[in-house]
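Structure at a glance
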Amino acid sequence: MTMAFSLISAKVSGFISKFGRFILVAAFGMLFVAALVPDIRSTIRAALLQDFRNVISTVHGDITGDGLNLIVAKVRTRDSLLIEIYHPQEDGSQKLLARITLPDKNDGFFNFNGQATNLALDDIDGDGFKEIIVPTFDQNMVGQLHIYRYDAASNSFYKAAL
Ligand SMILES: [Ca+2]
């Protein structure tokens, strides 16, 4: 009787220990998944936000003096404002020539020829080449005007003083 009982109890404890191990493994698995899920979630969120782009304004004109009708776009992303300059291709695609990150994150407007505008092309210094004129608001919501000029020697755009 005692032997039979101890045999059963040994079997039971064997079962418990196996079951206990299973619980332990399951618990670890859940911990692992719990640790993994927020990471996956934040990775996906970051990727989605990274892709977040909103073209808030476009203008076009010859800004390089080559007679090319380039497209200048003001683009808002998750954490910055950009200026992108595109060269329309014959096949209808747009070739990105330059991407400039503006010093401010907030879109701004200025009075251009009697109209409130947030992006303009104009030859403000009279040298025959149009400048890109970009208003923004800085972190104190003070209006700023940024001027970008094309430099033929380096085939790039640089920030010019007003
Ligand atoms: Ca000019």
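This structure is a prediction, so every number in the text was calculated from the model and none was measured.

Right, let's talk about the nonpolar core for a bit. In terms of nonpolar packing, the biggest core is built from 16 residues, with Ile63, Val72, Ile83, Ile85, Ile132, Val134 and Tyr148 touching the most fellow members. Listing elements by their share of this core, those giving two or more residues are β2 (70-77), β3 (81-88), β9 (131-137) and β10 (143-151). With residues up to four places along the chain from it excluded, the contact list for Ile63 reads Leu70, Val72, Leu121, Phe129, Lys130, Ile132 and Tyr150.

The next subject is the pairing of β9. Across the seven residues of β9, six count as buried, placing the element largely inside the fold. Pairing of strand β5 (residues 106-107) with β9 involves two bridges; the strand directions are antiparallel. In the strand pairing of β9, Asp107 is matched with Thr136. Inspection of the sheet shows strand β8 (residues 120-122) paired to β9 by three bridges, in the antiparallel sense. Of the residues in β9, the one forming a bridge with Leu121 is Ile132.

What follows is about the pairing of strand β4 (residues 94-101). Of the strand pairs in this sheet, β3 and β4 are connected by seven bridges, and their pairing is antiparallel. Across the sheet, His87 pairs through a bridge with Lys95, a residue of β4.

About the cut-offs
Residues numbered from 1 in each chain as written. Predicted model: local features only at pLDDT ≥ 70, side-chain atom pairs only at ≥ 80, totals over all residues. Core = buried A, V, L, I, M, F, W, Y, C linked by C-beta atoms within 7 Å. Buried ≥ 20, exposed ≤ 12 C-beta atoms within 10 Å, placed from the backbone. Helix = DSSP H or I, 4+ residues; strand = E, 2+ residues; numbered from the N terminus. Contact = placed C-beta atoms within 7 Å. Pairing = 2+ DSSP bridges.

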